[in-house]
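Notes for the structure review
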Amino acid sequence: MLTHLNAIPPTRIWKDVLARVVQGEQLTLAVVELPPNGLVPEHRHVNEQIGLCLQGTVTFRVGQETRDLGPGGTWRILADVPHEAQAGPEGAVVVEVFAPVRDDWAELEQAPPTTPSWPSTH
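In what follows, the accompanying structure is described. (Residues numbered from 1 in each chain as written. Predicted model: local features only at pLDDT ≥ 70, side-chain atom pairs only at ≥ 80, totals over all residues. Heavy atoms only, no water.)

1. Here's the deal with the pattern of salt bridges
Across all of its chains, the model carries 7 salt bridges by this definition. Residues Arg61 and Glu42 are paired through a salt bridge, measuring 2.3 Å at the closest nitrogen-oxygen approach. You can see Arg61 sitting in strand S5 (residues 48-62) and its partner Glu42 sitting in strand S4 (residues 39-43), a full 19 residues away along the chain. Overall, the relative accessible area of 17% leaves Arg61 in the buried class. Two residues, Arg67 and Glu65, come together in a salt bridge whose shortest N-O distance is 2.9 Å. Through salt bridges with shared partners, one network takes in Glu42, Arg61 and Glu84. (Salt bridge = Lys/Arg side-chain N within 4 Å of Asp/Glu carboxyl O. Helix = DSSP H or I, 4+ residues; strand = E, 2+ residues; numbered from the N terminus. Buried < 20%, exposed > 50% of the residue type's maximum accessible area, 1.4 Å probe, protein only.)

So, in structure tokens, the structure goes:
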């Protein structure tokens, strides 16, 4: 399947956190938009997760380690490790890959259609 980010409807992952999700057979790719100071509360899941910050800043806590990351910052979260994240005052856009697929996201609420905040238009 070939598509453009603008054609992918957003899914509400957390209160104000949206993701545009591409599901494969063995992994999930998500472009995640966090609003200014947006919070992803502590959680854990069976998926291994790797990510890349594209825009803005985000503070990640993975297990006992906390880091502030900006564009180009990466993370790796092994399965079942508690983690949380909070965007900086300008928000953040990150790309995350999960393996195996995030089957638990299938039942999440679709958000109203919006234009992705990445790639940046300025």
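2. Some words on a nonpolar patch on the surface
A cluster of nonpolar side chains, namely Met1, Val22, Leu27 and Leu29, defines an oily patch on the protein surface of about 390 Å² accessible area. Relative to the assigned elements, Leu29 resides in strand S3 (residues 28-34). By relative accessible area, Leu29 is classed as partly exposed at 33%. (Patch = residues over 30% accessible without salt bridge, like charges linked within 9 Å, V, L, I, M, F, W, Y side chains within 5 Å. Areas by Shrake-Rupley, 256 points an atom, 1.4 Å probe, with all protein chains shown as cover.)

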